[in-house]
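Per-entry structural report
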Amino acid sequence: MSRPIIAQIDISAMQHNCQVARFRVPTAKVWAVVKANAYGHGLLHGMEGFAAADGLALVELEGALRLRQAGWIKPILLLEGFFSIEELSEVKKHGLDTVVHCEEQVKMLESLKCGNEKITVHLKINTGMNRLGFVPLVVPLIYQRLKELSFVGKIILLTHFANADTLRPLLLPVTDQLQNFEMATIGLKEEVSLSNSGAILLYPHLKTDWIRPGIMLYGASPGEKTAVEFGLRPVMTLRSEIIAIQVVKKGQAVGYGSAFVAQSEMLIGVVACGYADGYPRHAPLGTPVLVEGVKTRLIGRVSMDMITVDLTPIPKACIGSKVVLWGEGLDIDEVARSAGTIGYELMCAVSQRVPLVKRV
Ligand SMILES: *Cc1c(COP(=O)(O)O)cnc(C)c1O
């Protein structure tokens, strides 16, 4: 027997969520975003689950090369582009699409010898998020410089929204960024790439040739509604088991810091899952956990390899009882909210020692 924690990956849910993205913006082509090891789900699981996408997008060059090696022949997009001349050569060699977001990248492109291979460049425009991209004023000039390079094929105009995950942002609504985008790209007749999951789900009517869904493909919500309400299915189910049970008397404490004290005699289940598995250490008392399909609560501190849960609602629980930390039957966004974070972070944090197991 091995330690019972696994992250189960449902490939059919990935396929389903990818369809949801496509149906939401039926006129657009789909970049399935698989950065950060497919948001913690395993890069090759992403390749399998999103086989119907028009391309895969990520930030890691090594990941892109792994995808090529594994047989992905459709487009691959580097969302932050290349970081050196050496990386640029790899981009050319493997026919990758690349974002170009800064002057340094343009200079590297200009320093390349002409070649026959064409690369597709995604010109990133800073429309207000102030992270990556060229400010609108310089876009026409950058565009011209890219146009003059013989090995630059298609140019796609790209921007990223800061607040597409809400309908009532305090600052910089999607409409403001769209206006800035229009201004920057006036007269440029190229395809555009705008929408992340938030925009796909909350602003589906935006005119865009490409969409770039990430979080929604994994069955979590970017905001406003739950994943279920958006018709999404959870992909990752973090599963473990009860490995010990304690009878704790009134006034006795549980775990490090004796942070939880029993108000009356109760049963405590010890679950093989801790912060070294990626469970958030800051998850407070009351964070939901499923035991044998019944919702109960985390009690006491999260330790490296274990958490403790209240077994009061599951008096029949025993060693080996099935536990779900998030996924099927327990919305990851609910757990994230309780822990003061977002579904994205929980998925990405699942650690190396947790086996990713395809659901059969
Ligand atoms: C990560 C990323 C996305 C996907 O964002 P989600 O909110 O997960 O849908 C889209 N575009 C860019 C440029 C990204 O970096």
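A few points about the overall build of the chain
- When you go through the chain residue by residue, the secondary structure sums to 11 helices and 18 strands.
- Across its three principal axes, the chain shows a C-alpha extent of roughly 75 × 45 × 35 Å.
- Expressed as a percentage of contacts within the chain between residues at least 6 apart in sequence, the contacts between residues at least 24 apart total 64%.
- In the structure as shown, the chain presents an accessible area of about 16500 Å², 56% of it carried by carbon and sulfur atoms.

What to know about a nonpolar patch on the surface
- A surface patch of nonpolar side chains, amounting to about 290 Å² of accessible area, comprises Val135, Leu137 and Val138.
- Within the fold, leucine 137 resides in the loop between strand S6 (119–124) and helix H7 (139–147).
- Leucine 137 sits in the exposed class, given a relative accessible area of 78%.

Some points on the pattern of salt bridges
- Applying the stated criterion across every chain yields a total of 18 salt bridges.
- The salt bridge involving lysine 322 is made with glutamate 241; its shortest N-O contact spans 3.1 Å. One end of the pair, lysine 322, is in strand S17 (residues 322–326); the other, glutamate 241, is in strand S10 (residues 236–248), with 81 residues separating them in the sequence.
- Judged by relative accessible area, lysine 322 falls into the partly exposed class, the value being 49%.
- Of the residues examined, glutamate 241 reaches a relative accessible area of 17% and is grouped as buried.
- Two residues, aspartate 277 and arginine 353, come together in a salt bridge whose shortest N-O distance is 2.7 Å.

Some details on the site of the ligand
- Around the ligand, a shell composed of Val33, Lys35, Tyr39, Leu79, His160, Asn196, Ser197, Arg212, Pro213, Gly214, Ile215 and Tyr344 is seen.
- Residue tyrosine 39 places a side-chain N or O atom 2.6 Å away from an oxygen atom belonging to the ligand.
- Within the backbone of glycine 214, one N or O atom sits 2.9 Å away from an oxygen atom of the ligand.
- For the ligand, the protein covers 92% of the area, taking 390 Å² as the surface of the free molecule.

Quick look at the packing of aromatic side chains
- What the rule picks out here adds up to five aromatic pairs.
- Here tyrosine 279 and tryptophan 326 contribute two aromatic rings whose centre-to-centre distance is 6.2 Å and whose plane-to-plane angle is 15°, an arrangement assigned as stacked. Taken together, the residues tyrosine 279 in the loop between strand S13 (266–271) and strand S14 (288–291) and tryptophan 326 in strand S17 connect sequence positions 47 residues apart.
- Feature note: the residues Tyr39, Phe50, Tyr218 and Tyr344 constitute an aromatic cluster, connected by ring pairs.
- Note that lysine 92 overlies the ring of phenylalanine 151, its terminal NZ or CZ placed 4.6 Å from the centroid.

Some words on the sheet that holds strand S8 (residues 192–195)
- Reading around the circumference, S2-S3-S4-S5-S6-S7-S8-S9 is the order of the eight strands in this closed barrel, with parallel pairing throughout.
- Bridge count between strand S2 (residues 29–33) and strand S3 (residues 55–58): three bridges; the pairing is parallel. Bridge pairing in S3 places valine 33 opposite alanine 57.
- Sheet strands touched by H7: S6 and strand S7 (152–158). Its angle to S6, the strand with the most contacts, is close to 170°.

Focus on the pairing of strand S16 (residues 307–310)
- Side-chain alternation along S16 places Ile307 and Val309 on one buried face and Thr308 and Asp310 on a second face that is also buried.
- Where S13 meets S16, four bridges bridge the pair, whose relative direction is antiparallel. Its bridge partner lying in S16, isoleucine 268 is registered against aspartate 310.
- Where strand S15 (residues 294–299) meets S16, two bridges bridge the pair, whose relative direction is antiparallel. The residue of S16 that forms the bridge with isoleucine 299 is threonine 308.

Some details on the nonpolar core
- Membership of the largest hydrophobic core comes to 115 residues, with the highest contact counts inside it found for Phe50, Tyr279 and Trp326.
- It is helix H1 (residues 11–24) that contributes the most residues to this core, six residues altogether.
- Once residues lying within four places of it in the same chain are set aside, the contact partners of tryptophan 326 are Met236, Thr237, Leu238, Gly278, Tyr279, Pro280, Ile332, Val335, Leu346 and Val350.
- In terms of nonpolar packing, the next biggest core, distinct from the first, is built from seven residues, Val254, Phe260, Ile268 and Ile299 among them.

Focus: helix H5 (residues 85–93)
- Taken together, the buried positions of H5 are Leu88, Val91 and Lys92. Looking down the long axis of H5, one finds its buried residues gathered within 95° of arc, a one-sided arrangement. Those residues of H5 that are exposed and aimed more than 90 degrees away from the buried face are Glu86 and Lys93.
- Against strand S4 (76–78), strand S5 (97–100), helix H6 (103–110) and S6 lie the buried residues of H5.

Overview of the pairing of S14
- Residues Pro288 and Leu290 point to one face of S14 and Val289 and Val291 to the other, with burial holding for every one of them.
- The antiparallel pairing of S14 with S15 creates a hairpin that spans two residues between the two strands, and glutamate 292 there sits at a positive phi of about 50°.
- Looking at chain direction, S14 and S17 are connected through two bridges and run antiparallel. Across the sheet, leucine 290 pairs through a bridge with valine 324, a residue of S17.

Comments concerning the environment of lysine 316
- Positionally, lysine 316 belongs in the loop between S16 and S17.
- A relative accessible area of 80% means that lysine 316 is categorised as exposed.
- Between the C-alpha atom of lysine 316 and that of glutamate 292, which follows or precedes it by 24 residues, the distance is 9.4 Å.

The rules behind the values
Residues numbered from 1 in each chain as written. Predicted model: local features only at pLDDT ≥ 70, side-chain atom pairs only at ≥ 80, totals over all residues. Heavy atoms only, no water. Helix = DSSP H or I, 4+ residues; strand = E, 2+ residues; numbered from the N terminus. Contact = heavy atoms within 4.5 Å. Areas by Shrake-Rupley, 256 points an atom, 1.4 Å probe, with all protein chains shown as cover. Patch = residues over 30% accessible without salt bridge, like charges linked within 9 Å, V, L, I, M, F, W, Y side chains within 5 Å. Salt bridge = Lys/Arg side-chain N within 4 Å of Asp/Glu carboxyl O. Buried < 20%, exposed > 50% of the residue type's maximum accessible area, 1.4 Å probe, protein only. Near = heavy atom within 4 Å. Polar contact = N/O pair within 3.5 Å; in protein donor to acceptor, adjacent residues only side chain to side chain. Phe/Tyr/Trp six-rings, centres within 6.5 Å; stacked < 30°, edge-to-face > 60°. Lys NZ or Arg CZ within 6 Å of the ring centre and 35° of its normal. Pairing = 2+ DSSP bridges. Axes fitted to C-alpha atoms, helices over the stretch in contact; angles between N-to-C directions. Core = buried A, V, L, I, M, F, W, Y, C linked by side-chain atoms within 4.5 Å. Arc of directions from axis to C-beta.

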